[in-house]
Amino acid sequence: MKIWLNGGLQDFETARVSVLDHGLTVGDGIFETVKSVEGRLFALTRHLDRLARSARGLGLPEPDLDEVRAACAAVLEANPMPLGRLRITYTGGLSPLGSDRGDQGQTLVVALGEAPRRPDTTAVITVPWTRNERGALTGLKTTSYAENVVALARAHEQGASEALFANTVGQLCEGTGSNVFVVIDGEIHTPPVASGCLAGITRALAVDWTGARETDLPFDVLDRADEVFLTSTLRDVQAVHRVDGRELPGAPGPVTAKAMRVFAERAADDLDP
(Lines give C-alpha, C1' and ligand atoms only; values in the text may rest on other atoms or scores of the structure.)
Protein backbone atom coordinates (compact mmCIF):
# COMPACT_ATOMS: atom_id res chain seq x y z
CA MET A 1 0.00 0.00 0.00
CA LYS A 2 1.32 3.42 -1.03
CA ILE A 3 0.17 6.74 0.43
CA TRP A 4 1.01 10.33 -0.44
CA LEU A 5 2.73 12.25 2.34
CA ASN A 6 4.07 15.79 1.96
CA GLY A 7 5.16 15.71 -1.63
CA GLY A 8 5.47 12.11 -2.69
CA LEU A 9 4.43 8.47 -2.46
CA GLN A 10 5.65 6.47 0.51
CA ASP A 11 5.14 2.94 1.77
CA PHE A 12 2.27 2.80 4.23
CA GLU A 13 4.37 0.85 6.72
CA THR A 14 7.17 3.43 6.86
CA ALA A 15 5.34 6.75 6.33
CA ARG A 16 5.60 8.95 9.40
CA VAL A 17 3.94 12.12 10.67
CA SER A 18 5.42 13.92 13.67
CA VAL A 19 3.89 13.24 17.07
CA LEU A 20 3.75 17.03 17.37
CA ASP A 21 1.60 17.47 14.27
CA HIS A 22 -1.27 19.80 15.18
CA GLY A 23 -3.75 17.38 13.63
CA LEU A 24 -2.74 14.84 16.27
CA THR A 25 -2.26 17.05 19.31
CA VAL A 26 -5.38 19.23 19.02
CA GLY A 27 -7.34 17.98 15.99
CA ASP A 28 -6.33 21.00 13.91
CA GLY A 29 -7.05 19.61 10.48
CA ILE A 30 -9.58 19.04 7.74
CA PHE A 31 -10.36 16.12 5.48
CA GLU A 32 -12.39 14.82 2.58
CA THR A 33 -13.49 11.31 1.73
CA VAL A 34 -13.94 10.62 -1.98
CA LYS A 35 -15.38 7.48 -3.56
CA SER A 36 -13.23 5.72 -6.15
CA VAL A 37 -14.69 3.22 -8.61
CA GLU A 38 -12.19 1.26 -10.69
CA GLY A 39 -9.60 3.96 -10.14
CA ARG A 40 -11.87 6.90 -10.99
CA LEU A 41 -13.01 9.44 -8.42
CA PHE A 42 -16.57 10.73 -8.08
CA ALA A 43 -17.28 14.47 -7.65
CA LEU A 44 -13.63 15.31 -6.95
CA THR A 45 -14.02 18.99 -7.88
CA ARG A 46 -16.84 19.46 -5.37
CA HIS A 47 -14.78 17.72 -2.69
CA LEU A 48 -11.74 19.92 -3.36
CA ASP A 49 -13.88 23.06 -3.28
CA ARG A 50 -15.16 22.02 0.14
CA LEU A 51 -11.63 21.19 1.30
CA ALA A 52 -10.61 24.75 0.46
CA ARG A 53 -13.69 26.17 2.23
CA SER A 54 -12.92 24.13 5.33
CA ALA A 55 -9.31 25.37 5.29
CA ARG A 56 -10.48 28.98 5.13
CA GLY A 57 -13.00 28.38 7.91
CA LEU A 58 -10.33 26.86 10.15
CA GLY A 59 -7.83 29.63 9.34
CA LEU A 60 -5.41 27.29 7.55
CA PRO A 61 -3.64 28.33 4.35
CA GLU A 62 -5.58 26.92 1.43
CA PRO A 63 -4.05 23.71 0.11
CA ASP A 64 -2.54 23.64 -3.37
CA LEU A 65 -5.40 21.90 -5.14
CA ASP A 66 -3.24 21.02 -8.14
CA GLU A 67 -0.93 19.15 -5.77
CA VAL A 68 -3.90 17.44 -4.14
CA ARG A 69 -5.18 16.31 -7.54
CA ALA A 70 -1.73 14.97 -8.45
CA ALA A 71 -1.53 13.18 -5.10
CA CYS A 72 -4.94 11.57 -5.65
CA ALA A 73 -3.97 10.39 -9.12
CA ALA A 74 -0.68 8.92 -7.86
CA VAL A 75 -2.35 7.07 -5.00
CA LEU A 76 -5.06 5.66 -7.26
CA GLU A 77 -2.50 4.42 -9.77
CA ALA A 78 -0.37 2.83 -7.04
CA ASN A 79 -3.28 1.06 -5.34
CA PRO A 80 -5.74 -0.43 -7.88
CA MET A 81 -9.02 -1.65 -6.38
CA PRO A 82 -12.65 -1.94 -7.55
CA LEU A 83 -14.26 0.26 -4.87
CA GLY A 84 -12.26 2.49 -2.59
CA ARG A 85 -12.41 5.19 0.06
CA LEU A 86 -9.85 7.88 -0.77
CA ARG A 87 -9.04 10.10 2.19
CA ILE A 88 -7.44 13.54 1.86
CA THR A 89 -6.17 14.89 5.20
CA TYR A 90 -4.67 18.36 5.61
CA THR A 91 -3.47 19.56 9.02
CA GLY A 92 -1.80 22.50 10.73
CA GLY A 93 1.51 20.63 10.62
CA LEU A 94 4.37 20.56 13.09
CA SER A 95 3.44 22.86 15.99
CA PRO A 96 4.26 23.49 19.64
CA LEU A 97 2.17 21.71 22.25
CA GLY A 98 -1.04 23.66 22.80
CA SER A 99 -3.44 25.45 20.50
CA ASP A 100 -0.96 27.84 18.85
CA ARG A 101 0.10 26.83 15.33
CA GLY A 102 3.69 26.46 14.28
CA ASP A 103 5.36 27.92 11.20
CA GLN A 104 6.74 24.72 9.66
CA GLY A 105 4.05 24.34 7.01
CA GLN A 106 1.07 22.05 6.72
CA THR A 107 0.82 18.27 6.43
CA LEU A 108 -0.93 16.67 3.44
CA VAL A 109 -1.77 12.97 3.42
CA VAL A 110 -3.72 11.11 0.74
CA ALA A 111 -4.53 7.46 1.40
CA LEU A 112 -6.80 4.85 -0.16
CA GLY A 113 -8.52 1.86 1.38
CA GLU A 114 -10.93 -0.73 0.04
CA ALA A 115 -14.61 -0.15 0.72
CA PRO A 116 -17.44 -2.71 0.74
CA ARG A 117 -20.62 -2.02 -1.19
CA ARG A 118 -23.23 -0.72 1.18
CA PRO A 119 -26.53 -2.58 1.65
CA ASP A 120 -29.66 -0.96 0.22
CA THR A 121 -31.19 -0.42 3.68
CA THR A 122 -29.86 0.21 7.16
CA ALA A 123 -30.91 0.92 10.74
CA VAL A 124 -30.24 4.18 12.58
CA ILE A 125 -30.62 5.43 16.13
CA THR A 126 -31.10 8.85 17.64
CA VAL A 127 -28.71 10.12 20.30
CA PRO A 128 -29.21 12.63 23.13
CA TRP A 129 -26.25 14.82 22.19
CA THR A 130 -26.70 17.85 19.95
CA ARG A 131 -24.96 19.62 17.10
CA ASN A 132 -24.15 23.27 17.77
CA GLU A 133 -25.48 25.16 14.78
CA ARG A 134 -23.54 28.27 15.87
CA GLY A 135 -20.20 26.68 16.73
CA ALA A 136 -16.83 27.75 15.35
CA LEU A 137 -16.52 24.48 13.40
CA THR A 138 -20.10 24.28 12.15
CA GLY A 139 -20.20 23.38 8.49
CA LEU A 140 -16.49 22.51 8.34
CA LYS A 141 -15.25 18.98 7.70
CA THR A 142 -12.57 18.84 10.37
CA THR A 143 -10.59 16.03 11.95
CA SER A 144 -12.20 16.83 15.32
CA TYR A 145 -14.39 13.74 15.08
CA ALA A 146 -14.39 12.30 18.59
CA GLU A 147 -18.04 13.25 19.11
CA ASN A 148 -18.93 11.18 16.06
CA VAL A 149 -16.83 8.26 17.29
CA VAL A 150 -18.81 8.15 20.54
CA ALA A 151 -22.20 8.38 18.81
CA LEU A 152 -21.33 5.82 16.15
CA ALA A 153 -20.13 3.36 18.80
CA ARG A 154 -23.54 3.65 20.47
CA ALA A 155 -25.23 3.00 17.13
CA HIS A 156 -23.19 -0.15 16.62
CA GLU A 157 -24.08 -1.35 20.12
CA GLN A 158 -27.75 -1.14 19.09
CA GLY A 159 -27.35 -2.89 15.75
CA ALA A 160 -27.40 0.29 13.67
CA SER A 161 -24.94 1.81 11.23
CA GLU A 162 -25.59 5.48 11.96
CA ALA A 163 -26.60 7.86 14.75
CA LEU A 164 -28.71 10.96 14.12
CA PHE A 165 -28.36 14.28 15.96
CA ALA A 166 -30.69 17.16 16.67
CA ASN A 167 -29.27 20.67 16.95
CA THR A 168 -29.46 22.86 20.05
CA VAL A 169 -32.98 24.09 19.21
CA GLY A 170 -34.42 20.60 18.74
CA GLN A 171 -34.36 20.43 14.95
CA LEU A 172 -33.27 17.40 12.95
CA CYS A 173 -29.67 17.97 11.85
CA GLU A 174 -27.48 15.12 10.54
CA GLY A 175 -25.75 11.83 11.20
CA THR A 176 -22.19 11.22 12.32
CA GLY A 177 -21.06 10.97 8.71
CA SER A 178 -24.21 11.40 6.66
CA ASN A 179 -27.07 13.72 5.84
CA VAL A 180 -30.65 12.69 6.50
CA PHE A 181 -33.77 13.00 4.34
CA VAL A 182 -37.38 12.28 5.23
CA VAL A 183 -40.41 11.66 3.02
CA ILE A 184 -43.71 13.18 4.17
CA ASP A 185 -46.86 12.89 2.04
CA GLY A 186 -44.75 12.02 -0.98
CA GLU A 187 -42.38 15.00 -0.66
CA ILE A 188 -38.68 14.74 0.20
CA HIS A 189 -37.30 17.06 2.87
CA THR A 190 -33.83 17.54 4.34
CA PRO A 191 -32.52 19.97 6.99
CA PRO A 192 -30.99 23.18 5.60
CA VAL A 193 -27.31 23.90 6.12
CA ALA A 194 -28.36 26.55 8.66
CA SER A 195 -29.40 23.67 10.94
CA GLY A 196 -25.71 23.02 11.55
CA CYS A 197 -25.38 20.01 9.25
CA LEU A 198 -22.42 19.54 6.96
CA ALA A 199 -23.03 20.65 3.38
CA GLY A 200 -22.65 17.11 2.10
CA ILE A 201 -21.56 16.59 -1.50
CA THR A 202 -24.01 13.71 -2.00
CA ARG A 203 -26.66 15.73 -0.14
CA ALA A 204 -26.36 18.63 -2.59
CA LEU A 205 -26.55 16.35 -5.60
CA ALA A 206 -29.55 14.50 -4.15
CA VAL A 207 -31.35 17.81 -3.58
CA ASP A 208 -30.66 18.90 -7.15
CA TRP A 209 -31.52 15.56 -8.75
CA THR A 210 -34.65 14.69 -6.74
CA GLY A 211 -36.18 18.10 -6.08
CA ALA A 212 -35.94 17.65 -2.30
CA ARG A 213 -36.92 20.65 -0.19
CA GLU A 214 -34.62 22.12 2.48
CA THR A 215 -36.89 22.43 5.49
CA ASP A 216 -36.52 23.13 9.21
CA LEU A 217 -37.74 19.86 10.72
CA PRO A 218 -38.44 18.98 14.36
CA PHE A 219 -36.38 16.05 15.61
CA ASP A 220 -39.51 14.00 16.22
CA VAL A 221 -40.30 14.05 12.49
CA LEU A 222 -38.43 10.73 12.56
CA ASP A 223 -41.37 9.30 14.52
CA ARG A 224 -43.85 9.94 11.73
CA ALA A 225 -41.97 10.23 8.43
CA ASP A 226 -43.25 7.81 5.80
CA GLU A 227 -39.72 7.09 4.59
CA VAL A 228 -36.23 8.01 5.75
CA PHE A 229 -32.96 7.82 3.85
CA LEU A 230 -29.33 8.80 4.29
CA THR A 231 -26.81 10.25 1.86
CA SER A 232 -23.02 10.24 2.01
CA THR A 233 -20.01 9.63 -0.19
CA LEU A 234 -20.00 5.86 0.32
CA ARG A 235 -23.70 5.36 1.05
CA ASP A 236 -24.88 7.32 -2.02
CA VAL A 237 -28.64 7.16 -1.27
CA GLN A 238 -29.42 4.50 1.33
CA ALA A 239 -32.86 3.67 2.69
CA VAL A 240 -33.53 3.37 6.43
CA HIS A 241 -35.62 0.42 7.60
CA ARG A 242 -35.48 1.17 11.36
CA VAL A 243 -35.20 4.32 13.48
CA ASP A 244 -34.57 3.37 17.10
CA GLY A 245 -37.37 0.86 17.75
CA ARG A 246 -39.60 2.03 14.92
CA GLU A 247 -39.67 -0.20 11.87
CA LEU A 248 -40.29 1.25 8.42
CA PRO A 249 -41.67 -1.81 6.59
CA GLY A 250 -41.06 -2.16 2.90
CA ALA A 251 -37.93 0.00 2.85
CA PRO A 252 -36.86 1.32 0.48
CA GLY A 253 -40.25 2.92 -0.04
CA PRO A 254 -41.32 4.13 -3.47
CA VAL A 255 -39.97 7.68 -3.14
CA THR A 256 -36.65 6.51 -1.74
CA ALA A 257 -36.35 3.79 -4.37
CA LYS A 258 -36.82 6.41 -7.10
CA ALA A 259 -34.23 8.68 -5.45
CA MET A 260 -31.77 5.77 -5.33
CA ARG A 261 -32.36 5.01 -8.99
CA VAL A 262 -32.09 8.63 -10.13
CA PHE A 263 -28.89 9.18 -8.16
CA ALA A 264 -27.28 6.03 -9.56
CA GLU A 265 -28.18 6.97 -13.13
CA ARG A 266 -27.06 10.59 -12.88
CA ALA A 267 -23.82 9.67 -11.10
CA ALA A 268 -23.00 7.10 -13.78
CA ASP A 269 -23.53 9.73 -16.49
CA ASP A 270 -21.13 12.29 -14.95
CA LEU A 271 -18.25 11.40 -12.63
CA ASP A 272 -17.54 15.06 -11.80
CA PRO A 273 -20.94 16.75 -11.62
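Everything discussed here concerns the structure shown above.
The residue numbering used here restarts from 1 in each chain and proceeds along that chain's sequence as written. For this predicted model, a pLDDT threshold of at least 70 governs which residues receive local features, and a threshold of 80 or more governs which side-chain atom pairs are given and counted, while totals over whole chains, interfaces and linings are taken from all residues. As a convention, hydrogens and water are excluded, and side-chain values are obtained from all of the structure's heavy atoms.

### Quick notes on helix H3 (residues 65-78)
In step 1: Over its 14 residues, H3 extends 20 Å from the first C-alpha to the last, a length consistent with the 20 Å expected when each residue adds 1.5 Å.
In step 2: Any N or O atom pair separated by 3.5 Å or less is treated as a polar contact, with the protein-specific requirement of one donor-capable and one acceptor-capable atom, and with residues adjacent in sequence counted only for side-chain atom pairs. Here a strand is any run of E in DSSP of at least two residues, a helix any run of H or I of at least four, and the numbering for each starts at the N terminus. The opening residue of H3, the one whose side-chain oxygen lies 3.0 Å from the backbone nitrogen of Asp66, is Asp64. Residue count minus one, scaled by 1.5 Å, sets the expected span of a helix.

### Some words on the packing of helix H2 (residues 44-58) against H3
In step 1: The axes used here are C-alpha line fits, helices contributing only the stretch in contact, and every angle between their N-to-C directions lies in the interval 0 to 180 degrees. At a closest axis distance of 11 Å, the pairing of H2 and H3 adopts a crossing angle of 135 degrees. Considering their axes alone, H2 and H3 lie oblique with respect to each other. In the crossing of H2 with H3, the sense of the turn from one axis to the other is right-handed. Only Leu65, Val68, Arg69 and Cys72 of H3 make contact with H2, whose side of the interface consists of Leu44, Thr45, Leu48 and Leu51.
In step 2: All residues other than Ala, Val, Leu, Ile, Met, Phe, Trp, Tyr, Cys, Pro, Asp, Glu, Lys and Arg, Gly among them, are scored as polar; the first ten of these are nonpolar and the last four charged. Here the contact of H2 with H3 is composed, by residue class, of 6 nonpolar, 1 polar and 1 charged. Note that the term roughly parallel is reserved for angles under 35 degrees, roughly antiparallel for angles over 145, roughly perpendicular for angles of 65 to 115, and oblique for everything else. Crossing handedness follows the turn of the near helix against the far one: under a right angle anticlockwise gives a left-handed crossing, and clockwise gives a right-handed one. Residue contacts are counted whenever heavy atoms from the two residues lie within 4.5 Å of one another.

### With respect to unusual backbone geometry
In step 1: The linkage connecting Ala251 with the following residue, Pro252, adopts the cis geometry, with an omega of 0 degrees.
In step 2: Residues other than glycine seldom take positive phi values, yet Asn6 does so here, at roughly 45 degrees.
In step 3: The topology assignment puts Asn6 in the loop between strand S1 (2-5) and strand S2 (8-11).
In step 4: Residue classification places Asn6 among the partly exposed residues on the basis of a relative accessible area of 46%.
In step 5: Non-glycine residue Glu38 carries a positive phi angle of around 50 degrees.
In step 6: Note on placement: Glu38 falls in the loop between strand S3 (29-37) and strand S4 (40-41). Working definition: with a 1.4 Å probe on protein chains only, accessible area under 20% of the residue-type maximum means buried, over 50% means exposed, and in between means partly exposed.

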